[in-house]
Each structure stands twice: as C-alpha cells, then as structure tokens.
Amino acid sequence: MIETKEKFYTSRNDRVFKEIFMKEENKDILKSLLESILKLKISDIKFLNLERNVDNIKVRRKHFDLFLDTDIGKVQVEVNAQSQKYIHPRNAAFIFDIYSHEVKKGEDYTEKSLVVQINLSYKINNEEMIREYKIRDKHNNEFIKNFIIYDINMEKVKDIWYSKSKKEIENNKYLIMLDLDLEKLSKISKDRRVNKYMDEVKRVNEDPEFREFISAEEDNRKIENSIKKELREEGQKERNIEIAKNMLKEEIDINIIS
C-alpha cells in the first residue's frame with residue numbers, strides 16, 4: 001500500500017500566515033520580519049481591525065491579511081499566492097484608503113507617520129527581489145514622503161535558499177523561512193525567532209481543525225476554478241459553432257471550416 005504524504009502548508013497560504021503572525025505572543029517574529037524588510041527598528045506593534053469598514057456602504061469591505069499600527073506608522077501586509085491582474089489595483093485601493101484616513105486625522109496634514117504596504121507576492125515577473133514604489137515624478141521628485149509599497153518576489157527569495165550562500169541566507173532568513181517545510185527550516189538558522197516560527201508552523205499543520213478548514217477552502221477554490229474553466233470552454237464551443245455556421249453561409253469549403 002502506497003502512503004500519501006500529507007500536504008505541508010507554509011505561510012505562502014494567507015490563512016497560515018495570519019494564524020501565526022496575528023498572535024500577540026508571536027509579535028517578536030513579526031517584528032523581526034518587518035524590520036528585515038523595512039530596514040527600520042520597530043518598538044511597538046498593535047493589531048488593528050482586519051475588516052475595515054468604509055464610509056460608503058456601496059463600497060466593498062476591505063479584508064486585510066495583516067493591518068498594524070506601529071511606532072513608525074501604519075503597516076499593511078498582503079500575501080499574494082497567485083499573480084492576477086486584479087491584485088495591484090485591489091491592493092492599491094486598500095493602501096490608498098488607509099493613507100486617506102491617516103492624513104485626515106488631527107488638525108493638520110503631515111508626513112510624520114509612514115503608511116506602508118508590504119506585498120509578499122508569488123508567481124510574479126519582477127526581476128528584482130524587492131521592488132519599492134513611491135509617488136514621484138520622472139525627475140525622482142517625491143510628491144509625498146510618507147508612502148511606500150514594497151512588492152517582494154518570493155520566488156527570488158526562495159532562490160537565495162537554493163543558492164546556498166550562507167551570508168545571503170542569513171541576511172534574508174525571515175523572508176526565506178515563510179515558504180520552507182520543516183526539514184528545510186531546521187537547516188536555515190539557529191536563530192531563536194526562526195526556531196519559534198518553525199514550532200508555530202508545525203503547530204498549525206498539526207491542528208486537525210485547521211487542516212480540515214484549509215482543505216475545505218482549497219477544495220471549494222478548485223471546484224470554483226473547474227466551474228469557471230467549464231463555462232469558458234462551453235462559451236468557446238458556442239462561439240466556434242457560430243463561426244462555422246457563418247462560414248457555411250458564405251459557402252466556404254468544409255475542409256477549411258473543419
């Protein structure tokens with residue numbers, strides 16, 4: 001009898017990411033991850049409401065993977081497991097809304113507090129590992145100084161692991177650890193936060209309720225994708241029939257139509 005190996009869920013899955021990093025007791029791991037990306041020291045982190053109500057009831061509610069208030073400003077983190085055309089406009093809408101709410105607070109408009117979005121993106125075509133976006137003109141003049149979007153190519157991050165460069169792995173360990181299984185995690189570093197993350201991701205994968213939930217979610221997504229594919233193929237079939245009918249009306253040779 002062939003034994004099937006159970007799937008291991010990494011933080012590439014947004015549910016796993018939130019299950020680990022949204023816990024008060026794991027703020028130390030989150031802090032290390034953020035500091036390694038932002039190259040800034042963070043002394044305080046507060047979790048904000050992940051479902052942000054908007055002023056207009058006709059506007060779709062915004063569901064964040066992680067929304068934080070820190071001593072350096074507001075930080076939003078999104079895990080993008082797939083590259084889709086809607087991802088950038090959707091995520092931009094989220095962070096622009098946060099920026100709008102942030103600058104309207106108080107008696108004046110200031111640029112003291114940063115507003116940052118971090119995209120942990122998979123299956124994207126960025127040549128750079130980390131792309132930093134700001135609002136500036138073609139001469140590099142910044143329109144505002146307190147707004148940054150980081151788009152991180154997580155496939156490039158994984159390449160560092162495969163490169164086996166000890167220095168590069170050490171410098172990027174908190175990003176690299178997010179998409180490694182337990183065997184690879186045990187080899188990455190003796191760092192206590194990496195070890196703590198390893199314990200946490202193991203805990204999540206061994207939780208039967210969580211696995212049941214995540215498996216059902218995956219199953220629903222696959223069913224939805226299959227239905228969409230079927231509808232697309234059906235639509236294409238109907239279009240082909242219509243084209244063939246029109247070609248027959250024009251007395252085009254049946255072999256060409258075929």
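Please read these numbers as outputs of a predicted model, since none were measured by experiment.

Turning next to the environment of Val-157. Summarising the element assignment, Val-157 is placed in helix H4 (residues 154-163). For the pair Val-157 and Met-129, spaced 28 residues apart in sequence, the C-alpha to C-alpha distance is 6.5 Å. Each residue touching Val-157, except ones within four places of it in the same chain, is listed here: Met-129, Ile-152, Leu-175 and Ile-176.

Moving on, we get to the packing of aromatic side chains. Scanning the model with the defined rule gives 4 aromatic pairs in all. Ring centres of Tyr-99 and Phe-147 lie 5.7 Å apart, and the angle between their planes is 85 degrees; on these two criteria the pair is classed as edge-to-face. Of the two residues, Tyr-99 sits in helix H3 (residues 87-104) while Phe-147 sits in strand S8 (residues 147-153), which places them 48 residues apart along the sequence. Grouping residues by exposure puts Tyr-99 and Phe-147 together as buried.

Let us look at the packing of helix H2 (residues 27-38) against helix H8 (residues 192-206). In a pair of packed helices, the angle between the axes and the distance between the axes together describe the arrangement. It is at 10 Å that the axes of H2 and H8 come closest, and there the two elements cross at 120 degrees. The angle between H2 and H8 places the two elements in the oblique class. The way H2 lies across H8 gives a crossing that is left-handed. Where H2 abuts H8, its residues Asp-28, Ile-29 and Ser-32 lie against Arg-192, Arg-193, Lys-196 and Tyr-197. Grouping the constituent residues of the contact of H2 with H8 by class yields 2 nonpolar, 1 polar and 4 charged.

Moving on to a nonpolar patch on the surface. A contiguous nonpolar surface patch, about 340 Å² in accessible area, is contributed by Phe-96, Ile-135 and Phe-143. On the secondary structure map, Phe-143 appears in the loop between strand S7 (130-133) and S8. Using a relative accessible area of 70% as the deciding quantity, one classes Phe-143 as exposed.

The predicted model of the protein has a mean per-residue pLDDT of 85, with 85% of residues at 70 or higher. Taking the mean pLDDT of every element in the protein, the minimum, 50, falls on strand S2 (residues 51-52) and the maximum, 97, on helix H6 (residues 173-176). Counting interchain partners and residues more than four positions distant, the pLDDT-below-50 stretch residues 53-61 has 7 contacts.

Within strand S4 (residues 66-70), 4 of the 5 residues are buried, which leaves the element mostly enclosed by the surrounding structure. Relative to S4, strand S1 (residues 45-47) runs antiparallel, the two sharing 3 bridges. In the strand pairing of S4, Phe-47 is matched with Leu-68. Here S4 runs beside strand S5 (residues 73-80); their pairing, made up of 5 bridges, is antiparallel. Paired with Thr-70 across the two strands is Gly-73, which belongs to S5. Taken together, S4 and the strand that follows it, S5, pair antiparallel across an intervening segment of 2 residues.

Thresholds, definitions, all that
- Residues numbered from 1 in each chain as written.
- Predicted model: local features only at pLDDT ≥ 70, side-chain atom pairs only at ≥ 80, totals over all residues.
- Heavy atoms only, no water.
- Helix = DSSP H or I, 4+ residues; strand = E, 2+ residues; numbered from the N terminus.
- Contact = heavy atoms within 4.5 Å.
- Phe/Tyr/Trp six-rings, centres within 6.5 Å; stacked < 30°, edge-to-face > 60°.
- Buried < 20%, exposed > 50% of the residue type's maximum accessible area, 1.4 Å probe, protein only.
- Axes fitted to C-alpha atoms, helices over the stretch in contact; angles between N-to-C directions.
- Parallel < 35°, antiparallel > 145°, perpendicular 65-115°, else oblique.
- Left-handed = near helix turned anticlockwise from the far one by under 90°.
- Nonpolar A, V, L, I, M, F, W, Y, C, P; charged D, E, K, R; others polar.
- Patch = residues over 30% accessible without salt bridge, like charges linked within 9 Å, V, L, I, M, F, W, Y side chains within 5 Å.
- Areas by Shrake-Rupley, 256 points an atom, 1.4 Å probe, with all protein chains shown as cover.
- Salt bridge = Lys/Arg side-chain N within 4 Å of Asp/Glu carboxyl O.
- pLDDT = per-residue confidence, 0-100.
- Pairing = 2+ DSSP bridges.

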